[in-house]
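# Descriptive analysis of the structure
Chain by chain, the residues run as shown.
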Amino acid sequence: MLGCYRGGWLVNNGTAGTCEGTLDASRTKIDVKMPVKCNTGCQRNAVLKRPKTGYALCKECFFWAFEEEVHHTITTAKLFTPGDYVAIAASGYRDDSLETVKRNEQQYEIPLKIVSYEELYGWTMDRIVKKIGRKSNCTFCGVFRRQALDRGASLLKVDKIVTGHNADDIAETVLMNILRGDIARLQRCTAIVTGSEGAIPRSKPFKYTYEKEIVMYAYFKKLDYFSTECIYSPNAYRGYARAFLKDLEKIRPTSIIDIIHSGECFSVREGVKLPTQATCERCGHISSQSVCKACVLLEGLNKGKPRLGIGKTSKAREHMEELAISKPENECTHDCQTSVIDLDRLNLHVKNTNLEF
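Let me sum up the structure you'll find in this document. Just so we're clear, the structure is a prediction, and the values are computed from it rather than from any experiment. Sequence order as written defines residue numbering, which begins from 1 separately in each chain. The model is predicted, so local features are restricted to residues of pLDDT at least 70 and side-chain atom pairs to those at 80 or more, both for listing and for counting; the totals for chains, interfaces and linings are taken over all residues. Processing note: side-chain calculations cover all non-hydrogen atoms of the structure and skip hydrogens and water entirely.

## Details of the side chain of serine 287
Let me state the cut-off plainly: Helical segments are the DSSP runs of H or I of at least four residues, strand segments are the runs of E of at least two, and each set is numbered from the N terminus. Contacts: residue pairs with any heavy atoms within 4.5 Å of one another.
Looking at the element boundaries, serine 287 is found in strand E11 (residues 286–287). Once residues within four sequence positions are removed from consideration, serine 287 is found in contact with Thr276, Gln277, Ala278, Thr279, Cys280 and Cys292.

As structure tokens, then:
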């Protein structure tokens, strides 16, 4: 038995049920009512209570419900078409996550290729954290990761990218964008497919799937997976939104889906100026600014000003212009040896290989 508390749920030899009782110093009295039958009426014993719906389900019915819901999301949103060449994007910092993905390559016979920050940008996260500290390091990781996935997928000429973003992730993002007043991101953060014109589309098949249920599915299916947290993420801004969301979920389990549906209903009134998509004049990557965020962050690292890209874009642009003044007119203002667009390095790295995320 894993645990028992008043009115809660327990797992015990493949059955689930409720516990009620009192506890005193002289003796313990617990009245247990079990087993609970699966709510679908299949007559099998339930093994879990779904966080998403509160239903008690057996393994077989849970597998069916989980897979049907994800399949419904995929088909309703028309995420894929026959013949699509799809890249599955996964990211990880720790060695154990990398080893898990390597095992998955053998288990599912899926071509695997790793793209590292050091190869693309000339910096590792360890070195970046030493420069910037543990407060804003997630900014670097997020920007570099998104662009690395885009560049790697482009080199492989895939049609689409799928990510493992789940309902918890999207609800957290909605809360973060509301707290930051980020209208542009708030407008698109609940989209199941993202990617502006000219970019490879990214889709989220797990958009409406709770993180807990993904873990339970992998656990009961005995899948080889990892769920470790990045050692540099405890102070991330997202962590506060996650803690708030978990508190809401305890009171109202449907809070996660409710927040996503609310985000889908947000609209921007006419006359509000939103960023327009263009291309970075340095690396050619899609950007809403003349110089993309990755190039700004990389410039700061290479010039000993790691906080250059942290904060408002206007401030970063001023700093970039100051750095450019110190260069001769015909000299490149970018450190091409560690540039985001080191195409020779990128092409050499992926030549005759498949991309591993």
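## With respect to helix H9 (residues 237–251)
To keep things clear, this is the line we draw: By this rule the span expected of a helix is its residue count minus one, scaled by 1.5 Å. Partly exposed describes any residue whose relative accessible area lies between the buried limit of under 20% and the exposed limit of over 50%, with all areas from a 1.4 Å probe on protein chains only and scaled to the type maximum. By definition, the arc is the one covered by directions from the helix axis to the C-beta atoms.
The terminal C-alpha atoms of H9, which comprises 15 residues, lie 23 Å apart, in line with the 21 Å expected from a rise of 1.5 Å per residue. For H9, the set of buried residues is Ala241, Leu245 and Glu249. Within H9, the buried residues cover an arc of 80° as seen down the axis, which keeps them to one side. H9 presents Tyr240, Lys250 and Ile251 as exposed residues on the side facing more than 90 degrees away from its buried surface. Looking at the buried positions of H9, the neighbouring elements they touch are helix H6 (167–180), helix H8 (211–220) and helix H10 (255–265).

## As for the environment of serine 267
Topologically, serine 267 is positioned in the loop between H10 and strand E10 (278–279). Between the C-alpha atoms of serine 267 and leucine 186, which are 81 residues apart in sequence, the distance is 9.1 Å.

## Structural notes on the sheet that holds strand E8 (residues 193–194)
The following threshold applies: Note on pairing: two strands pair once DSSP finds at least 2 bridges between them.
Spatially, E6-E7-E9-E8 is the arrangement adopted by the four strands of the open sheet, whose pairing is mixed. In this open sheet, the two edge strands, each paired with only one partner strand, are strand E6 (86–88) and E8. Bridging between E8 and strand E9 (residues 202–203) involves two bridges; their strand directions are antiparallel. Residue threonine 194 lies in a different strand from E9, and its bridge partner there is arginine 202.

## Regarding the packing of H6 against H9
The angle between the axes and the distance between the axes are what describe a pair of packed helices. Convention followed: Only the stretch in contact is used when fitting a helix axis, every axis being a line fitted to C-alpha atoms; angles between N-to-C directions are given from 0 to 180 degrees. Oblique is the label for every angle not falling under 35 degrees (roughly parallel), over 145 degrees (roughly antiparallel), or within 65 to 115 degrees (roughly perpendicular). Throughout, a crossing is termed right-handed when the near helix is turned clockwise from the far one, and left-handed when it is turned anticlockwise from it by less than a right angle. All amino acids are sorted into three groups, where Ala, Val, Leu, Ile, Met, Phe, Trp, Tyr, Cys and Pro are nonpolar, Asp, Glu, Lys and Arg are charged, and the leftover types, Gly among them, are polar.
Put simply, H6 and H9 touch, their axes get as near as 9 Å, and they point 115° apart. As judged from the angle between their axes, H6 and H9 are roughly perpendicular. Crossing of H6 against H9: the hand is right-handed. Contacts between H6 and H9 involve Asp168, Asp169, Ala171, Glu172, Thr173, Leu175, Met176, Leu179 and Arg180 on the former and, on the latter, Tyr237, Arg238, Ala241, Arg242, Phe244, Leu245 and Lys246. Split into classes, the residues belonging to the contact of H6 with H9 amount to eight nonpolar, one polar and seven charged.

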